Amino acid sequence: MTQPSKPTFIEAEETVIIVEFTPDTNGNAESYKLSWKQHPQPWSEAESKLIHPSSQQKIRVEAADLIPSTTYCLRLVMVDGNGNEVGDYSPELIVDTEAVGCTPQQKSCCVVQ
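Residues numbered from 1 in each chain as written. Predicted model: local features only at pLDDT ≥ 70, side-chain atom pairs only at ≥ 80, totals over all residues. Heavy atoms only, no water.

Residues and numbers for the nonpolar core, please.
With 19 residues, the main nonpolar core has Ile17, Val19, Phe21, Leu34, Trp36, Val61 and Leu74 as its most contacted residues. For this core, the secondary structure elements donating two or more residues are strand E2 (17-21), strand E3 (31-38), strand E5 (59-63), strand E6 (71-79) and strand E8 (93-96). Per-element accounting of this core gives the leading share, 4 residues, to E6. If we skip the residues at most four places from it in the chain, Trp36 touches Trp43, Ala46, Glu47, Ser48, Lys49, Ala63, Ala64, Leu66, Tyr72, Cys73 and Leu74. (Core = buried A, V, L, I, M, F, W, Y, C linked by side-chain atoms within 4.5 Å. Buried < 20%, exposed > 50% of the residue type's maximum accessible area, 1.4 Å probe, protein only. Helix = DSSP H or I, 4+ residues; strand = E, 2+ residues; numbered from the N terminus. Contact = heavy atoms within 4.5 Å.)

How would you summarise the pattern of salt bridges if you had to cite specific residues and measurements?
One pass over the full model with this rule turns up 2 salt bridges. Taking the shortest distance from any N to any O, the salt bridge between Arg60 and Glu20 comes out at 3.1 Å. With Arg60 in strand E5 and Glu20 in strand E2, this residue pair connects regions lying 40 residues apart in the sequence. Arg60 gets classed as exposed once you look at its relative accessible area, which sits at 57%. Residue classification places Glu20 among the buried residues on the basis of a relative accessible area of 14%. Glu85 serves as the salt-bridge partner of Lys33, at 2.4 Å between the closest nitrogen and oxygen. Taken as a pair, Lys33 in strand E3 and Glu85 in strand E7 (residues 85-86) lie far apart in primary sequence, 52 residues in all. On the basis of relative accessibility, which here comes to 21%, the residue Lys33 falls in the partly exposed class. The exposure class assigned to Glu85 is partly exposed, which follows from its relative accessible area of 37%. (Salt bridge = Lys/Arg side-chain N within 4 Å of Asp/Glu carboxyl O.)

Can you explain the side chain of Thr70? Please cite residues and give values.
Structurally, the position occupied by Thr70 is in the loop between E5 and E6. A relative accessible area of 12% means that Thr70 is categorised as buried. Reaching out from Thr70, the side chain makes a polar contact with the backbone oxygen of Ile67 at a distance of 3.1 Å. Sequence-distant contacts of Thr70, defined by excluding residues within four places in its chain, comprise Gln38, Val95, Asp96 and Thr97. (Polar contact = N/O pair within 3.5 Å; in protein donor to acceptor, adjacent residues only side chain to side chain.)

Let's hear about the pairing of E6: which residues, and what values?
Counting buried residues along E6, 8 of its 9 residues qualify, which places the element largely inside the surrounding structure. As defined by bridge partners, E6 adjoins E8 across 4 bridges and the pair is classed as antiparallel. Each residue of the ladder has a partner; that of Thr71, found in E8, is Asp96. Connecting the antiparallel pair E6 and E7 is a turn made up of 5 residues, with Gly83 showing a positive phi of about 85°. (Pairing = 2+ DSSP bridges.)

This is how it looks when you write it as structure tokens:
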């Protein structure tokens with residue numbers, strides 16, 4: 001069966017995890033479903049977001065409304081035109097959200113010469 005690649009980690013904040021993936025180039029999927037759950041909850045309790053790619057370019061997706069300082073598992077699956085999951089799930093990506101107050105309020109850069 002067809003399996004999407006593991007989502008690539010981009011960024012984690014207190015309540016958001018951002019991942020990226022490249023859609024299937026064979027056109028086997030009309031859309032994708034990104035699912036996430038707290039570790040070690042069962043996947044039956046997962047939340048999800050349906051993604052409709054408009055091109056074969058990399059797509060960034062965010063899982064939002066998360067709990068700070070919590071470990072999450074994320075995975076992708078292809079979805080056909082009827083809304084049915086097709087093929088196998090991607091390998092899981094395991095990410096921790098940031099702790100409250102530990103995320104810098106302003107993103108800045110320091111250069112040492």
